[in-house]
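Spelled out from the first residue to the last, the chains are:
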Amino acid sequence: MKQYSDFRSDTVTRPTPKMREAMAQAEVGDDVLGDDPTVQKLESLAASIMGKEAGLFVPSGTMGNSIAIKVWTKELEEIILESRSHIFNMESTHLAFISRVLPRCLPSQRGAMDPEEVSSNVRQANVHIPQTSLICVENTHNNWSGAVVPLDNLKELRAVADEFGLKIHLDGARIFNASLASGISVKDYAAQADSVMFCLSKGLSAPVGSMLVGPSSFIEMARRVRKALGGGMRQVGVLAAAGIISLTEMVDRLQEDHRRARKFAEAIAPLPGIELDPSLIETNIVIFGFNHPRLSNIEFLAQLQEEGVLALPVGNGIRFVTHKDIDDNDVDRANEAFKTLLV
Ligand code: TLP
């Protein structure tokens, strides 16, 4: 079988041998009945790492975000979110389909919305208009090439939320990447939000699963919503066991992914057709514009695949993501393929 260097996403990471061992050994019970000790351990670990009262293990990041929005909002309301956010662009239609709220998308500086603009877009309900109830933020910001949203920006958004009595939900799918890149603790980021979703199954390499954390009353309701969405899982300690390893052993190595992403970006930036400022690459996602005289991004991606390198298109550009199963040889292979195909 052909061995690919797979830069499509950090979601492709495979569980480590230690995770597989922990999964085989996991003590389990019926989690819907509240009997699974391994899930309980993971949920309290996640909550304590983020400085929140309680946690909930959910099958995916998308379900975590959709549950949070469902719990924090009701019909006839509107939420403010960033125009390139994952929630608005990549999670199908759950805002409409599950929560029945309107999105109000605002522009940003690499994921950081202007607090004054947010403030002026908060709407107080009257018979004509919806009530704003929630602000969603994303850190790191996927579609802004893994940008770290500054803590000061989140603090300013917190102040706006407090002024108007709004909640903040943080899509922290890659919050540990943000923390390692900035040196700011995940607790400090989480303190600016009422609830946080973060993923175990991306750079942290668990096979499945994300966490939702927040106040106990919020998590109590989130557990009911998860069940209503069909996300109540039974002997799921086998998966939680891998998630515990994600949180206890897989965080620090994300630095490696950041180093490789920067190395890759620096190597390809001068090549014909690539529109990229490598100094903007802070974490593990490299999104670049592609404007080549001979090739479209789709044609180029097909040729890269022939060379054993996989990546995904984003609009007219391309996204590369580094992760545990990408090493320096994979980066060198990609760099070589770029040179051969583009020059
Ligand atoms: N992102 C995936 C794809 O959906 C694009 C990826 O490959 O990057 N929030 C953010 C910021 C995300 O990047 C993702 C996944 C999610 C939420 C959703 O997580 P899952 O895939 O577990 O539903």
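Residues numbered from 1 in each chain as written. Predicted model: local features only at pLDDT ≥ 70, side-chain atom pairs only at ≥ 80, totals over all residues. Heavy atoms only, no water.

1. Some details on helix α7 (residues 151-164)
Move 1: Helix length check: α7, at 14 residues, gives a terminal C-alpha distance of 20 Å against a target of 20 Å (1.5 Å per residue), a fit within 8%.
Move 2: Listed in full, the buried residues belonging to α7 are L151, N153, L154, L157, R158, V160 and A161.
Move 3: Taken together, the buried residues of α7 touch α6 (115-120), β5 (131-138), β6 (167-171) and α9 (186-190).
Move 4: Just downstream of α7 lies G165, where phi reads positive at about 70°. (Helix = DSSP H or I, 4+ residues; strand = E, 2+ residues; numbered from the N terminus. Expected span 1.5 Å × (residues − 1). Buried < 20%, exposed > 50% of the residue type's maximum accessible area, 1.4 Å probe, protein only. Contact = heavy atoms within 4.5 Å.)

2. Some remarks on a negative patch on the surface
Move 1: On the surface, a cluster of negative charge is contributed by D114, E116, D152 and E156.
Move 2: Looking at the element boundaries, D152 is found in helix α7. (Patch = residues over 30% accessible without salt bridge, like charges linked within 9 Å, V, L, I, M, F, W, Y side chains within 5 Å. Areas by Shrake-Rupley, 256 points an atom, 1.4 Å probe, with all protein chains shown as cover. Salt bridge = Lys/Arg side-chain N within 4 Å of Asp/Glu carboxyl O. Lys, Arg positive; Asp, Glu negative; His and termini not counted. Charge placed at Lys NZ, Arg CZ, Asp CG, Glu CD.)

3. Quick word on the pairing of strand β3 (residues 77-82)
Move 1: Counting buried positions along β3 yields six of six residues, so the element is predominantly enclosed.
Move 2: Judged by which residues are buried, β3 turns out to be covered on both faces: E77, I79 and L81 on one side and E78, I80 and E82 on the other are all buried.
Move 3: Of the strand pairs in this sheet, β3 and strand β4 (residues 102-106) are connected by five bridges, and their pairing is parallel. Among the inter-strand pairings, E82 is bridged to a residue of β4, identified as L106. (Pairing = 2+ DSSP bridges.)

4. Details of the nonpolar core
Move 1: The biggest cluster of nonpolar side chains holds 54 residues, and the ones touching the most others in it are F57, I135, I175, F176 and F198.
Move 2: Among the elements that make up this core, the one with the highest residue count is helix α11 (residues 237-249) (seven residues).
Move 3: The contacts of I175, once residues within four sequence positions are left out, are M50, N139, T140, L170, V186, Y189 and F198.
Move 4: Ranked by size, the runner-up nonpolar core spans 28 residues in total, among them V286, A311, I318 and L342. (Core = buried A, V, L, I, M, F, W, Y, C linked by side-chain atoms within 4.5 Å.)

5. Considering the pattern of salt bridges
Move 1: Per the stated rule, a full pass over the model turns up 23 salt bridges.
Move 2: Here D6 makes a salt bridge to R8, at a shortest N to O gap of 2.6 Å.
Move 3: Of the charged contacts in the structure, one is a salt bridge between R234 and D30, with a shortest N-O distance of 3.2 Å. Linking R234 in the loop between α10 (216-228) and α11 with D30 in the loop between α1 (17-25) and α2 (37-50), this pair joins segments that are 204 residues apart in sequence.
Move 4: Note on R234: relative accessible area 39%, which makes it partly exposed.
Move 5: Relative accessible area serves as the criterion here: at 16%, D30 is assigned to the buried category.

6. Structural notes on the packing of aromatic side chains
Move 1: All told, the structure shown has eleven aromatic pairs when counted by the stated rule.
Move 2: Ring centres of F288 and F338 lie 6.1 Å apart, and the angle between their planes is 65°; this geometry places the pair in the edge-to-face category. With F288 in strand β10 (residues 285-290) and F338 in helix α14 (residues 328-342), this pair connects stretches of sequence that are 50 residues apart.
Move 3: Taken together through their ring pairs, the aromatic side chains of F7, F264, F288, F290, F300, F320 and F338 make up a single cluster. (Phe/Tyr/Trp six-rings, centres within 6.5 Å; stacked < 30°, edge-to-face > 60°.)

7. Quick notes on empty space enclosed by the protein
Where empty space is left can be seen by rolling a probe of water-molecule size over the atoms.
Move 1: Following the criterion strictly, the structure yields two cavities of 30 Å³ or more and no others.
Move 2: Its volume calculated, the largest cavity comes out at about 40 Å³.
Move 3: Lining the largest cavity, in full, are V137, L154, L157, I168, L170, Y189, Q192 and A193.
Move 4: Mapped by element, the contributors of at least two residues to the lining of the largest cavity are α7 and β6.
Move 5: Split by residue class, the lining of the largest cavity holds seven nonpolar, one polar and no charged.
Move 6: The space that makes up the second largest cavity amounts to roughly 40 Å³.
Move 7: The wall of the second largest cavity is formed by A173, R174, I175, F176, N177, C199, K202, G203, L204 and L254.
Move 8: The element best represented in the lining of the second largest cavity is helix α8 (residues 175-182), accounting for three residues. (1 Å grid on protein atoms, 1.4 Å probe; cavity = no way out; pocket = protein on both sides within 12 Å on 5 of 7 lines; lining within 4 Å. Points joined across faces, edges and corners; volume = space filled by probe spheres on them. Nonpolar A, V, L, I, M, F, W, Y, C, P; charged D, E, K, R; others polar.)

Such coordinate-based values are descriptive only and should not be taken to indicate function.
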